[in-house]
Amino acid sequence: MVKSMTGFGRCEVSEGDRKMTVEMKSVNHRYLDVNIKMPKKLNFFESAVRSLLKTYLQRGKVDLFITCEDLSEAKGSLKYNRELATEYLKYLNQMAEEFGLENDIKASALSRYPEVLVMEEGEDNEEELWKLLEQALKGACTQMVETRSKEGENLKRDLIDKLDEMLGHVAFIEERSPRIVSEYRKKLEDKVHELLADAQIEESRLAAEVTIFADKICVDEELVRLRSHIQHTKAVLQEKDSVGRKLDFIAQEMNREANTILSKANDLEVSNRAIELKTGIEKVREQIQNIE
């Protein structure tokens, strides 16, 4: 199944006092490049998160946003740092003595000094936390794969239409090529008759000249290879694995054959069709850049 590299996924999972939300979006990229933004307490799971994503995605630049809310009111506990409070008080007394100031410090004021009273979060159960995070990740990844697959089907249909149009150009050039040689022979005969009047034309020399011309403009091999590449592209579009890189390589080969056909063209109609082929191939390559 053809998949686009553009997609979006979101999943929210709640259990007890916790709520885990995962949002992810992806765009085109040569490889799988994941940028993760999540709370510090979840950093321990970064490696596991990346491993899980690789089971769903092969290519694309992915931005992943994870938020974790704890709705419990009794989550943390207040801690009193006696040693630090003692230090603060010692220096306050020293300042009052040195500068002859009244020391009016009260407990309520001292408690507001940095780190004297701190709220400490309780320890999280890592197994339960990962279970919740994994569930949210899988839900978001599943949604992203669905959006990528839907967009991939649209890309596939568009590519097949473009490939069929290219086959039409190939068929035209195949039909036109033999006629070019015949027309060249006729023009050559007329030109010789015009120059030599009633003199007899040596058939062997005329045939040799036509043969040289026919060999010079012959694109049979290029057309066979180009048709084969187009059919191969269609077949690859039916495969289930990640096919973007393979399609990109085939498109490069198609472009090479089209360039050769255009360089050999000695006929306006063939040249125009070769240009149409190159234009079509470029459109195909642009679309292929979106495929995983």
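Everything in this summary refers to the structure shown in the same document.

## Focus on the overall build of the protein chain
- A tally of regular secondary structure across the protein chain gives eight helices and six strands.
- Written out in order from the N terminus, the α and β elements of the protein chain read β-β-β-α-β-β-α-α-β-α-α-α-α-α.
- Here the analysis covers contacts within the protein chain between residues at least 6 apart in sequence; of these, 80% occur between residues at least 24 apart.
- Of the roughly 18000 Å² that the protein chain leaves accessible, carbon and sulfur atoms contribute 50%.

## Re unusual backbone geometry
- The backbone of E115 sits at a positive phi, close to 70°, despite the residue not being glycine.
- Turning to its location among the elements, E115 is positioned in the loop between α3 (107-110) and β6 (117-121).

## Looking at helix α7 (residues 244-264)
- With 21 residues, α7 ought to run about 30 Å at 1.5 Å a step, and its terminal C-alpha atoms sit 31 Å apart, in line with that.
- Inspection of α7 places G244, L247, I250, A251, M254, N255, E257, A258 and I261 among the buried residues, and these make up the whole buried set.

## A closer look at the pairing of strand β1 (residues 7-15)
- Pairing geometry for β1 and strand β2 (residues 18-27), over nine bridges, is antiparallel. Each bridged residue has a counterpart across the sheet, and for G7 the counterpart in β2 is S26.
- In textbook terms, the turn of a hairpin is the stretch between consecutive antiparallel strands, and for β1 and β2 this stretch comprises two residues, one of which, G16, has a positive phi near 65°.

## Regarding the packing of α7 against helix α8 (residues 268-288)
- The N-to-C vectors of α7 and α8 enclose an angle of 165°; their axes lie 9 Å apart at closest approach. Taken together, α7 and α8 sit at an angle that is classed as roughly antiparallel. In the packing of α7 onto α8, the handedness of the crossing is left-handed. Residues G244, L247, D248, A251, Q252, M254, N255, A258, N259, I261 and L262 of α7 form the contact with α8, whose own contacting residues are S271, A274, I275, L277, K278, I281, V284, R285 and I288.
- Counted by class, the contact of α7 with α8 contains twelve nonpolar, five polar and three charged residues.

## Considering the packing of aromatic side chains
- Inspection of every chain in the model, using the stated rule, returns three aromatic pairs.
- With centroids separated by 5.6 Å and ring planes inclined at 80°, the aromatic side chains of F44 and F45 adopt a geometry described as edge-to-face.
- For F44, a relative accessible area of 61% translates into the label exposed.
- Chaining the aromatic ring pairs together yields one cluster made of F44, F45 and W130.
- Geometry around Y91 places K90 over its ring, the cationic atom sitting 5.0 Å from the centre.
- Seen from the ring of F172, R273 lies directly overhead, with NZ or CZ sitting 4.0 Å from the centre.

## Observations regarding α8
- For α8, with 21 residues, the first-to-last C-alpha span of 30 Å sits near the 30 Å given by 1.5 Å per residue.
- If you check the start of α8, you find a side-chain oxygen 3.1 Å away from the backbone N of E269, and it comes from D267.

## What about a nonpolar patch on the surface?
- Taken together, L78, Y80, L117 and M119 make up a surface patch of nonpolar side chains, about 460 Å² in accessible area.
- When residues of the nonpolar patch are traced back to their parent elements, those giving at least two are β5 (76-80) and β6.
- The residue M119 is located in strand β6 in this model.

## Comments concerning the pairing of strand β3 (residues 32-37)
- By the bridge criterion, six bridges tie β3 to strand β4 (residues 60-70) in an arrangement that is parallel. From the neighbouring strand, D33 faces β4, where its bridge partner is K61.
- Remark: the β3/helix α1 (residues 46-54)/β4 crossover connection has left-handed handedness.

## Side note on the pattern of salt bridges
- Counted under the stated rule, the structure contains 18 salt bridges.
- Here D158 ties to K162 by a salt bridge, and the two come within 2.7 Å at their closest N and O atoms. One end of the pair, D158, and the other, K162, are both in helix α4 (residues 126-196), four residues apart, so they sit about a helical turn from each other.
- Assessed through its relative accessible area of 25%, D158 is described here as partly exposed.
- Residue K162 is classed as buried on the basis of its relative accessible area of 18%.

What counts as what
Residues numbered from 1 in each chain as written. Predicted model: local features only at pLDDT ≥ 70, side-chain atom pairs only at ≥ 80, totals over all residues. Heavy atoms only, no water. Helix = DSSP H or I, 4+ residues; strand = E, 2+ residues; numbered from the N terminus. Contact = heavy atoms within 4.5 Å. Areas by Shrake-Rupley, 256 points an atom, 1.4 Å probe, with all protein chains shown as cover. Expected span 1.5 Å × (residues − 1). Buried < 20%, exposed > 50% of the residue type's maximum accessible area, 1.4 Å probe, protein only. Pairing = 2+ DSSP bridges. Axes fitted to C-alpha atoms, helices over the stretch in contact; angles between N-to-C directions. Parallel < 35°, antiparallel > 145°, perpendicular 65-115°, else oblique. Left-handed = near helix turned anticlockwise from the far one by under 90°. Nonpolar A, V, L, I, M, F, W, Y, C, P; charged D, E, K, R; others polar. Phe/Tyr/Trp six-rings, centres within 6.5 Å; stacked < 30°, edge-to-face > 60°. Lys NZ or Arg CZ within 6 Å of the ring centre and 35° of its normal. Polar contact = N/O pair within 3.5 Å; in protein donor to acceptor, adjacent residues only side chain to side chain. Patch = residues over 30% accessible without salt bridge, like charges linked within 9 Å, V, L, I, M, F, W, Y side chains within 5 Å. Salt bridge = Lys/Arg side-chain N within 4 Å of Asp/Glu carboxyl O. Right-handed = clockwise from strand over helix to strand, strands pointing away.

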